[in-house]
Amino acid sequence: MKILCYLKYELNIEKFDVIYIKNENEFYDRILNKKYDVIILDFDFYPEFINVKNYVKSTVVFLCSYCDDFIFKKVLEVGDYCYTYEEYEKLLLRLKYLQKKFINSKTTVYKKDNFLYNFSTNTLYIDLKPVKLSNGENELLKTLIKNKKTYLTKEDILMECDGIESIDSVKVLISRLRKLGIQIENQKNLGYKIKELL
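So, here's what we can say about the structure. (Residues numbered from 1 in each chain as written. Predicted model: local features only at pLDDT ≥ 70, side-chain atom pairs only at ≥ 80, totals over all residues. Heavy atoms only, no water.)

1. Here's the deal with helix α3 (residues 69-78)
Stage number 1. Looking only at α3, the buried set comprises Ile71, Val75 and Val78. All buried residues of α3 project into a common sector of 75° when viewed along the axis, lining one side. Turned more than 90 degrees off the buried face of α3, the exposed positions are Asp69, Phe70, Lys73 and Glu77.
Stage number 2. Residues of α3 that are buried make contact with α2 (46-52), β4 (59-64) and β5 (81-84).
Stage number 3. For α3, the N-terminal capping position is held by Asp68, with its side-chain oxygen 3.2 Å away from the main-chain nitrogen of Phe70. (Buried < 20%, exposed > 50% of the residue type's maximum accessible area, 1.4 Å probe, protein only. Helix = DSSP H or I, 4+ residues; strand = E, 2+ residues; numbered from the N terminus. Arc of directions from axis to C-beta. Contact = heavy atoms within 4.5 Å. Polar contact = N/O pair within 3.5 Å; in protein donor to acceptor, adjacent residues only side chain to side chain.)

2. Looking at the sheet that holds β5
Strands belonging to one sheet form pairs held by backbone hydrogen bonds; the direction of such a pair is parallel or antiparallel.
Stage number 1. Judged by pairing direction, the sheet is parallel, and its 5 strands sit side by side in the order β2-β1-β3-β4-β5 without closing on themselves. Whereas interior strands pair on both sides, the edge strands pair on one side only; in this sheet they are β2 (17-20) and β5. Strand-to-strand twist of the sheet, defined as the mean angle between neighbouring strand axes without regard to direction, takes the value 20°.
Stage number 2. Sheet topology note: the strand β1 (residues 2-6)/β2 ladder contains 4 bridges and is parallel. Across the sheet, the residue bridging to Lys2 is Asp17, located in β2.
Stage number 3. Against the sheet, helix α1 (residues 24-33) touches β1, β2 and β3 (38-42), its axis set at about 155° to β1. (Pairing = 2+ DSSP bridges. Axes fitted to C-alpha atoms, helices over the stretch in contact; angles between N-to-C directions.)

3. Some thoughts on the layout of surface pockets
Stage number 1. In this structure, the second largest pocket encloses a volume near 270 Å³.
Stage number 2. Every residue lining the second largest pocket is listed: Tyr83, Lys90, Leu93, Arg94, Tyr97, Lys100, Leu152, Asp156, Met159 and Glu160.
Stage number 3. Breaking the lining of the second largest pocket down by element, the ones donating at least two residues are α4 (88-105) and α6 (154-160).
Stage number 4. Among the elements that make up the lining of the second largest pocket, the one with the highest residue count is α4 (5 residues).
Stage number 5. Here the lining of the second largest pocket is composed, by residue class, of 5 nonpolar, no polar and 5 charged. (1 Å grid on protein atoms, 1.4 Å probe; cavity = no way out; pocket = protein on both sides within 12 Å on 5 of 7 lines; lining within 4 Å. Points joined across faces, edges and corners; volume = space filled by probe spheres on them. Nonpolar A, V, L, I, M, F, W, Y, C, P; charged D, E, K, R; others polar.)

4. Topic: the pairing of strand β7 (residues 115-118)
Stage number 1. By the bridge criterion, 4 bridges tie strand β6 (residues 109-112) to β7 in an arrangement that is antiparallel. Considered in β7, the bridge of Tyr110 is made with Tyr117.
Stage number 2. Hairpin remark: β6 followed by β7, antiparallel, with 2 residues in the connecting loop; positive phi at Asp113, about 55°.
Stage number 3. Sheet topology places β7 next to strand β8 (residues 123-126); 4 bridges connect them, and they run antiparallel. Along β8, the bridge assignment pairs Tyr117 with Leu124.

5. Considerations on unusual backbone geometry
Stage number 1. Here Asn122, not a glycine, exhibits a phi torsion of approximately 55°, which is positive.
Stage number 2. Looking at where Asn122 falls in the secondary structure, it is placed in the loop between β7 and β8.
Stage number 3. A residue is classified by how much of its surface remains accessible, and Asn122, at 33% relative accessible area, is partly exposed.
Stage number 4. Of note in the backbone geometry, Asn189 takes a positive phi value of approximately 70° without being a glycine.

Structure, rendered in structure tokens:
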């Protein structure tokens, strides 16, 4: 996972492939001419980012000294996440999660029996016929497949699925996927995982 950082201070995130830039010209050059999976910016550089936001397909994380409602709203208008410098541990957890998501996304097709899920097109096929899924169903199914060897609690699912907003929604979406024939196992105190697909 390639990370571009435009910050006032360097962070200790050496476990990742990180490039630090020091000035505005280098920022524009790299943003417009290279591809990064994650961009981490100090909120003070928000005006520079606004100029190029339409060219950025990366996950964008802003860091700031403090984060009030005004800053948080501004960040979410153009970026994905906002942390204070004091929330360094949370940032590291987010980067580990994004790295896992990035690695898992390289697998483009999951197939078992008469079930096929194409990650590139976000399409489920049963008996080679496409099945229409809601955004929530699609995101949940994709998350369960990517984590097929581990149980996910409802809270884990909410953390991984940006489009699912409540525990009740998780229950409803699990029920809908089960109606399609997808067998989802539920272990008390452990969570959900795909047991056997069709």
